[in-house]
Amino acid sequence: VQLQASGGGLVQPGGSLRLSCVASVASFSTYTVSWFRQAPGKEREFVSAMKRNNNRPLYADSVKGRFTMSRDNAKNTVYLQMNSLKPEDTAVYYCAVDRQVITSSLSSAVSYDYWGQGTQVTVSS
């Protein structure tokens, strides 16, 4: 399984970015997909996750109402639309997937075996 994340960059506070993550894997629709982020000097933290049946995504409280996660199984791609960005959103963003993730563990990084390389998001004026 290979994951390629893209779409990061430098944006001013209040701006928007859309991250993409393409998965090189068969039967992508059977995978739970997620986004995590890691700021300098901090632990990796959960951002959002979506189970394989495309149920309503789970979001961290810090991004709820500002970020929207979606997936296109035909393109093996998961997206993270980020609006109203704040300086505290600055981090390297990682996509991660796994086939066997129980609902109660969606926000736990150890639930995911496959990770992308990360894409840098910097929110600064």
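Above this text is the structure in question.
Residues numbered from 1 in each chain as written. Predicted model: local features only at pLDDT ≥ 70, side-chain atom pairs only at ≥ 80, totals over all residues. Heavy atoms only, no water.

Caption draft 1: Just the sheet that holds strand β7 (residues 67–72), in detail. Spatially, four strands are ordered β1-β3-β8-β7 in an open sheet, and the strand pairing comes out antiparallel. Lying at the two open borders of the sheet, with one neighbouring strand each, are β1 (2–6) and β7. Averaged over neighbouring strand pairs, the angle between their axes works out to 15° when direction is ignored. Two elements, β1 and strand β3 (residues 17–24), share five bridges in a ladder whose sense is antiparallel. Its bridge partner lying in β3, Leu 3 is registered against Ala 23. (Pairing = 2+ DSSP bridges. Helix = DSSP H or I, 4+ residues; strand = E, 2+ residues; numbered from the N terminus. Axes fitted to C-alpha atoms, helices over the stretch in contact; angles between N-to-C directions.)

Caption draft 2: Quick peek at the pattern of salt bridges. Tallied over the entire structure, the rule returns four salt bridges. Here Glu 45 ties to Arg 37 by a salt bridge, and the two come within 2.6 Å at their closest N and O atoms. A relative accessible area of 4% means that Arg 37 is categorised as buried. Between Lys 64 and Asp 61 there is a salt bridge; the shortest N-O distance is 3.1 Å. A cluster of three or more residues bridged by salt bridges with shared partners is formed by Arg 37, Glu 45, Arg 66 and Asp 89. (Salt bridge = Lys/Arg side-chain N within 4 Å of Asp/Glu carboxyl O. Buried < 20%, exposed > 50% of the residue type's maximum accessible area, 1.4 Å probe, protein only.)

Caption draft 3: Molecular detail of the state of the cysteines. According to the stated counting rule, one finds one disulfide in the structure shown. Across the disulfide from Cys 21 sits Cys 95; the S-S distance is 2.0 Å. One disulfide, between Cys 21 and Cys 95, carries an S-S torsion of 60° and so falls in the right-handed class. With Cys 21 in strand β3 and Cys 95 in strand β9 (residues 91–98), this residue pair connects regions lying 74 residues apart in the sequence. A relative accessible area of 1% means that Cys 21 is categorised as buried. (Disulfide = S-S within 2.5 Å.)

Caption draft 4: Fine view of the packing of aromatic side chains. By the definition in use, this model includes five aromatic pairs. Centre to centre, the rings of Phe 36 and Phe 46 are 5.6 Å apart; their planes meet at 75°, and the pair counts as edge-to-face. Of this pair, Phe 36 sits in strand β4 (residues 32–38) while Phe 46 sits in strand β5 (residues 45–50), and the two are 10 residues apart along the sequence. For Phe 46, a relative accessible area of 12% corresponds to the buried category. Centroid distance Phe 36 to Trp 115: 5.2 Å. Interplanar angle 55°. Geometry classified as tilted. Of the two residues, Phe 36 is situated in strand β4 and Trp 115 in strand β10 (residues 114–115); the sequence distance between them amounts to 79 residues. Given the relative accessible area of 27%, Trp 115 is considered partly exposed. Taken together, the ring pairs in this structure connect Phe 36, Phe 46, Tyr 94, Tyr 112 and Trp 115 into an aromatic cluster. The cationic tip of Arg 44 hangs over the ring face of Trp 115; the distance from NZ or CZ to the ring centre is 4.7 Å. When the ring centre of Phe 28 is taken as reference, the NZ or CZ atom of Arg 71 above it lies at 4.8 Å. (Phe/Tyr/Trp six-rings, centres within 6.5 Å; stacked < 30°, edge-to-face > 60°. Lys NZ or Arg CZ within 6 Å of the ring centre and 35° of its normal.)

Caption draft 5: Main features of the pairing of β7. Here β7 shows one buried face, formed by Phe 67, Met 69 and Arg 71, and one open face, formed by Thr 68, Ser 70 and Asp 72. In this sheet, strand β8 (residues 77–82) lies alongside β7 in antiparallel orientation, the contact comprising six bridges. Opposite Phe 67, over in β8, you have Met 82 as the bridge partner. Taken together, β7 and the strand that follows it, β8, pair antiparallel across an intervening segment of four residues, in which Asn 76 is found at a positive phi of about 55°.

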